[in-house]
Amino acid sequence: MSIFLTPPPLSLYVHFPWCIRKCPYCDFNSHELKSSLPEQDYINALIRDLEQDLPRVWGRRVQTVYMGGGTPSLFSPTAIAQLLSDLRARLTIAPDAEITLEANPGTVDIERFQGFKEAGINRLSIGIQSFNNEHLQALGRIHSGDEARRAVQAAQYAGFERINLDLMFGLPNQTLEQARADLATAIELEPGHLSLYQLTIEPNTLFHARPPVLPDDDSLWDMQQALQQQLAGAGHEQYEVSAYAQAGQQSRHNLNYWQFGDYLGIGAGAHAKLSDHEGIGRLWKIKHPHKYLEHAGSKQGIGGESILNPNDVSLEFMMNALRLSEGVPTALFPERAGQPLSKVSVALEKAETLALIEWDVRHIKPTVRGRRYLNDLLQLFMS
């Protein structure tokens, strides 16, 4: 049995499974839209899904809402406004909640952004990936570099003050100079937050079946180091492995994940993590959009659920917390994992001996070496 003196902060994730085109590197639950968007039917299904889960979170306040995909910006501002209204009618959402919507530059304009803002969205995450047209084509993106720039400017014109841009590096045939140019363009657009990811080849993707030629490991390391220096010079502090922010612009939703908070998940393939006196449970919904539309809100709409064993809890806590550059307070482990610190003290001591972390009664923090060799560090907690 886990012991939680107070429940962890609660977030809500809403998944939208459709895209105009499936990108060859993407392993998320996204499906190419081959007919008209079943907008109203999907909103109705989301609410049925939520209503089924409500008993799991009675009395708890939602601190952040994140609408991801897929491509949530395919949905109209009217549909998003209805969804938020329906969510507020059923959940206690904090007045200052961070409410994020992911947007594809090929699906938005100023009017649409204005509609999203009026609907209640107060943060955008725009999937740029690159401003180089050749690289965008190689990645299967539906927008050009110019369209990406215009999308960011349109979001700013619509009044959004909290904007994240997603960028990737280590692209097929990408040079260091091209990666730096992509980042320079992003910085010039003055977003408050940048997510910078290395392209990796994931199973069950087109790139896995037909691997492109990527930069070698030495080139990737040089690229990463140069881009991190470029970001630091522009005032974007690295606070997580792939997240950089200006002061006060960190993603509250993602911080809740990394600090091992709870989250409810609705939508096709959405996952939840919820803590109670029985332990920490995982819950996920069926993935296929059409089956989800049919079964959301019923037992058939549940893809599965499980209770984490104590070893898995310890590992998952560290997998998240040690991604943060500043780590976490030591007291957060018993608070969020529901276990005494002694559960991981041997692994912590060994990690400290190997110069992978710094820790004491106040704080657990990965060293620069620990962040570089994060997989090796996490191996110490796999027991």
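The rules behind the values
- Residues numbered from 1 in each chain as written.
- Predicted model: local features only at pLDDT ≥ 70, side-chain atom pairs only at ≥ 80, totals over all residues.
- Heavy atoms only, no water.
- Pairing = 2+ DSSP bridges.
- Helix = DSSP H or I, 4+ residues; strand = E, 2+ residues; numbered from the N terminus.
- Contact = heavy atoms within 4.5 Å.
- Axes fitted to C-alpha atoms, helices over the stretch in contact; angles between N-to-C directions.
- Parallel < 35°, antiparallel > 145°, perpendicular 65-115°, else oblique.
- Left-handed = near helix turned anticlockwise from the far one by under 90°.
- Nonpolar A, V, L, I, M, F, W, Y, C, P; charged D, E, K, R; others polar.
- Phe/Tyr/Trp six-rings, centres within 6.5 Å; stacked < 30°, edge-to-face > 60°.
- Buried < 20%, exposed > 50% of the residue type's maximum accessible area, 1.4 Å probe, protein only.
- Lys NZ or Arg CZ within 6 Å of the ring centre and 35° of its normal.
- Salt bridge = Lys/Arg side-chain N within 4 Å of Asp/Glu carboxyl O.
- Patch = residues over 30% accessible without salt bridge, like charges linked within 9 Å, V, L, I, M, F, W, Y side chains within 5 Å.
- Areas by Shrake-Rupley, 256 points an atom, 1.4 Å probe, with all protein chains shown as cover.
- Lys, Arg positive; Asp, Glu negative; His and termini not counted.
- Charge placed at Lys NZ, Arg CZ, Asp CG, Glu CD.

As a further point, take the sheet that holds strand S16 (residues 357–359). Ordered in space as S15-S17-S16, the three strands form an open sheet in which the pairing is antiparallel. Each of the sheet's edge strands pairs with one partner strand only, and the pair in question is strand S15 (328–329) and S16. Where S15 meets strand S17 (residues 363–366), two bridges bridge the pair, whose relative direction is antiparallel. Bridge assignment links Pro329 to a residue of S17, and that residue is His363. Against the sheet, helix H13 (residues 345–353) contacts S16 and S17, and its axis sits at roughly 120° relative to S16.

The contact between helix H1 (residues 39–53) and helix H2 (residues 77–90) brings their axes to 10 Å, and the two run at 15°. For the element pair H1 / H2, the angle class is roughly parallel. Of the two elements, H1 crosses H2, and the hand of that crossing is right-handed. Judged by residue contacts, Glu39, Gln40, Ile43, Asn44, Leu46, Ile47, Leu50 and Glu51 of H1 engage Ala79, Gln82, Leu83, Asp86, Leu87 and Arg90 from H2. Tallied by class, residues from the contact of H1 with H2 come to seven nonpolar, three polar and four charged.

On to the packing of aromatic side chains. Two numbers describe a pair of aromatic rings. These are the distance of the centres and the angle of the planes. What the rule picks out here adds up to 12 aromatic pairs. Pairing Trp18 with Tyr42 gives two aromatic rings, centres 5.1 Å apart and planes at 75°, and the pair type is edge-to-face. Within this pair, whereas Trp18 is found in strand S2 (residues 18–19), its partner Tyr42 is found in helix H1, the two being separated by 24 residues in sequence. For the residue pair Trp18 and Tyr42, the accessibility class agrees, reading buried in each case. For the ring pair Phe317 and Phe333, a centre distance of 5.1 Å and an interplane angle of 85° mean the geometry is edge-to-face. Of this pair, Phe317 sits in helix H11 (residues 310–321) while Phe333 sits in helix H12 (residues 332–337), and the two are 16 residues apart along the sequence. Pair check on accessibility: Phe317 and Phe333 agree, each one buried. What links up through ring pairs into an aromatic cluster is the set Phe16, Trp18, Tyr42, Phe75 and Tyr292. We note Lys273 situated over the ring of Phe260; from NZ or CZ to the ring centre the distance is 4.2 Å. Directly above the ring of Trp221 sits Arg372, whose terminal nitrogen or CZ lies 3.8 Å from the centroid.

Next up on the list: the pattern of salt bridges. Considering all chains together, one arrives at 14 salt bridges under this definition. Of the charged contacts in the structure, one is a salt bridge between Arg323 and Glu240, with a shortest N-O distance of 2.4 Å. In this pair, Arg323 sits in the loop between H11 and S15 while Glu240 sits in strand S9 (residues 237–240), placing the two residues 83 residues apart along the sequence. On the basis of relative accessibility, which here comes to 26%, the residue Arg323 falls in the partly exposed class. For Glu240, a relative accessible area of 1% translates into the label buried. Measuring nitrogen to oxygen at the nearest pair gives 1.9 Å for the salt bridge that ties Glu316 to Arg282. Here Glu316, found in helix H11, pairs with Arg282, found in strand S13 (residues 279–285); they are 34 residues apart in sequence, far enough to count as distant. Arg282 shares its class with Glu316; the two are buried.

On the surface, Asp216, Asp217, Asp218 and Asp222 cluster together to form a negatively charged patch. Summarising the element assignment, Asp218 is placed in helix H8 (residues 217–233).

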